[in-house]
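Architecture and fold: a report
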Amino acid sequence: MTTVPLVDLAVQHAQIADEVEEGFAEVLAAGDFIGGKAVAAFEQEYAEFVGARHCVGVANGTDALEIALRAVGVGAGDEVVVPANTFIATAEAVVRAGARPVFADVDDDGLLLDPAAVEAVLTDRTRAVIPVDLYGQVAPFELLTSVGERGIAVVEDGAQSQGARRHEAGAGTFGAVAATSFYPGKNLGAYGDAGAVTTDDDGLAEAARLLGAHGSPAKYQHVSFGFNSRLDTLQAVVLRAKLRRLSRWNEERRAAAAVYDELLASVPGVRMPATLPGNEHVWHLYVVRVPNREAVLRTLQAEQIGAGVHYPVPVHLTPAMAPFGGRPGQFPVAERAAGEILSLPLFPGVTRWQQERVVEVLASAVGQG
Ligand SMILES: *Cc1c(COP(=O)(O)O)cnc(C)c1O
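Let me begin by describing the structure that accompanies this report. Because the structure is predicted, anything quoted here is derived from the model rather than measured.

Looking at the ligand, there are 15 residues lining it, with G61, T62, D157, S181 and K186 nearest. T62 places a polar side-chain atom, nitrogen or oxygen, 2.5 Å from an oxygen atom of the ligand. Contact with the protein chains removes 92% of the 390 Å² of surface that the ligand exposes when unbound. For the shell around the ligand, the element with the highest residue contribution is helix α3 (residues 61-71), accounting for three residues. Among the residues forming the shell around the ligand, the class breakdown is six nonpolar, seven polar and two charged.

Right, here's the structure in full:
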């Protein structure tokens with residue numbers, strides 16, 4: 001039987017193994033596990049890649065979001081608007097910053113935060129909005145016009161969009177400040193947890209750096225509230241090696257997405273993912289929609305095909321978010337999509353042959369209704 005994993009990180013590792021081993025050996029010899037040379041080098045390289053003036057490395061993407069929110073002044077009593085369809089971390093970070101997540105529906109094509117839905121939930125307490133670049137394409141930030149006029153901060157969740165562009169601007173440069181995750185399976189993935197905050201604003205960059213370093217600009221000078229959220233030197237070594245290849249790997253993802261587009265065009269019952277005009281998509285996930293999702297998923301799994309669901313429960317309906325008052329029926333687009341979405345295997349190095357097998361099994365499963 002042909003096995004096709006959802007993600008295969010071994011393909012990427014094979015290309016950087018020597019470089020990583022050499023870099024690790026240097027760190028081990030120097031013993032500078034925290035704040036080593038590779039961290040500052042990566043921060044500079046990633047800022048350049050994104051097109052932002054500053055990059056602050058942190059411990060993971062959830063911390064990056066919390067730090068970005070705290071940096072723009074989000075705290076107790078504030079409301080922060082988040083999409084109903086996202087990974088739960090977007091909303092968790094709001095709660096951790098002491099604020100209240102307010103959910104809004106997504107648009108039916110891109111499944112991205114719907115700017116009109118955002119308008120409808122803004123209040124005098126709204127302090128920030130977090131559009132998420134879900135599945136690898138940048139959200140339509142320019143449509144959040146009244147948010148800017150009202151002095152509400154826009155924070156980009158770019159955990160799934162490293163290397164994506166919208167109207168020529170890079171993911172990680174939208175809003176006042178952006179957060180990203182280098183969780184291993186992300187387009188730019190570390191060998192453990194890691195994340196970053198990017199911004200053009202000197203003050204926000206400084207605030208972010210202080211927050212992740214115990215509020216301390218230099219050892220034992222605790223000038224403000226903070227905590228510990230640092231990017232490990234070893235992870236920075238991996239990230240530097242991968243960043244040099246990210247554009248090529250994203251190109252491979254785009255080519256694989258085009259193969260799915262071609263193969264699925266003739267398969268009835270499968271709704272293919274939409275790319276918003278103006279977007280250069282980096283296909284963190286290739287998400288189709290099928291009516292009989294659970295049955296299709298079971299068939300794919302039985303055939304050793306690693307399909308996934310991102311995400312099976314809209315965030316407002318998770319038990320964890322019950323204190324924030326989500327009700328079934330509140331966000332019909334996100335709720336309907338949650339029962340239909342299916343992420344197909346896609347990663348740099350996936351072969352056409354593997355994709356043909358995925359589509360063959362998918363077509364037969366969908367056909368069985
Ligand atoms: C992965 C992810 C995060 C959280 O990142 P971690 O590094 O796992 O903490 C946040 N938001 C989105 C949309 C993600 O996909």
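The discussion continues.
Turning next to empty space enclosed by the protein. All told, the structure shown has two cavities of 30 Å³ or more when counted by the stated rule. One number sums up the size of the largest cavity: a volume of about 50 Å³. Around the largest cavity sit Y46, V50, G158, S161, Q162, A171, G172, A178, A179, T180 and T198, which together line it. Elements represented by at least two residues in the lining of the largest cavity include exactly α2 (37-50) and β8 (177-181). Sort the elements by how many residues they give to the lining of the largest cavity and β8 lands first, with three residues. Residues of the lining of the largest cavity, tallied by class, amount to five nonpolar, six polar and no charged.

Moving on, we get to the environment of A208. In this structure, A208 sits in helix α7 (residues 202-211). Classification of A208 as buried rests on a relative accessible area of 1%. As a C-alpha pair, A208 and L69 span 139 residues in sequence and 9.3 Å in three-dimensional space. Discounting chain neighbours no more than four positions away, the residues touching A208 are V56, I67, A71 and V197.

In this section: the environment of S181. With respect to the helices and strands, the residue S181 is situated in strand β8. A relative accessible area of 6% means that S181 is categorised as buried. S181 sits 120 residues away from G61 along the chain, and the two C-alpha atoms are 3.8 Å apart. Beyond its immediate stretch of four places on either side in the chain, S181 contacts G61, A159, Q162, K186, L188, A194 and G195.

Throughout the structure, instances matching the rule amount to nine aromatic pairs. A ring pair is formed by F42 and F182, whose centres lie 5.5 Å apart and whose planes are at 85°; its orientation type is edge-to-face. Of the two residues, F42 is situated in helix α2 and F182 in the loop between β8 and β9 (195-199); the sequence distance between them amounts to 140 residues. Residue F42 is classed as buried on the basis of its relative accessible area, which comes to 0%. Connected via pairs of aromatic rings, a cluster forms that spans F42, Y46, F49 and F182.

This part takes up the packing of helix α8 (residues 233-264) against helix α11 (residues 352-367). At a minimum axis separation of 10 Å, α8 and α11 run at an interaxial angle of 35°. Between α8 and α11 lies a crossing of right-handed hand. On the side of α8, the interface is formed by A256, V259, Y260, E262, L263 and L264, while α11 contributes R352, Q355, E356, V358, V359 and L362. Looking at the contact of α8 with α11, its residues break down into eight nonpolar, one polar and three charged.

Moving on: the pattern of salt bridges. Under the criterion given, the structure shown has 24 salt bridges. For D202, the salt bridge is made with R53, and the minimal N-O distance between the two is 2.8 Å. With D202 in helix α7 and R53 in the loop between α2 and β1 (54-58), this residue pair connects regions lying 149 residues apart in the sequence. Residue D202 is classed as partly exposed on the basis of its relative accessible area, which comes to 43%.

Okay, helix α9 (residues 293-302) next. Those residues of α9 lying buried are R293, V296, L297 and L300. Within α9, the buried residues cover an arc of 100° as seen down the axis, which keeps them to one side. Looking at α9, the residues exposed on the side facing more than 90 degrees away from the buried face are R298 and A302. Elements that come into contact with the buried residues of α9 comprise α10 (332-338), β12 (341-344) and α11. Once α9 finishes, Q304 follows within two positions and takes phi at roughly 65°, a positive value.

About the thresholds
Residues numbered from 1 in each chain as written. Predicted model: local features only at pLDDT ≥ 70, side-chain atom pairs only at ≥ 80, totals over all residues. Heavy atoms only, no water. Near = heavy atom within 4 Å. Polar contact = N/O pair within 3.5 Å; in protein donor to acceptor, adjacent residues only side chain to side chain. Areas by Shrake-Rupley, 256 points an atom, 1.4 Å probe, with all protein chains shown as cover. Helix = DSSP H or I, 4+ residues; strand = E, 2+ residues; numbered from the N terminus. Nonpolar A, V, L, I, M, F, W, Y, C, P; charged D, E, K, R; others polar. 1 Å grid on protein atoms, 1.4 Å probe; cavity = no way out; pocket = protein on both sides within 12 Å on 5 of 7 lines; lining within 4 Å. Points joined across faces, edges and corners; volume = space filled by probe spheres on them. Buried < 20%, exposed > 50% of the residue type's maximum accessible area, 1.4 Å probe, protein only. Contact = heavy atoms within 4.5 Å. Phe/Tyr/Trp six-rings, centres within 6.5 Å; stacked < 30°, edge-to-face > 60°. Axes fitted to C-alpha atoms, helices over the stretch in contact; angles between N-to-C directions. Left-handed = near helix turned anticlockwise from the far one by under 90°. Salt bridge = Lys/Arg side-chain N within 4 Å of Asp/Glu carboxyl O. Arc of directions from axis to C-beta.

In short, geometric facts, not functional conclusions.
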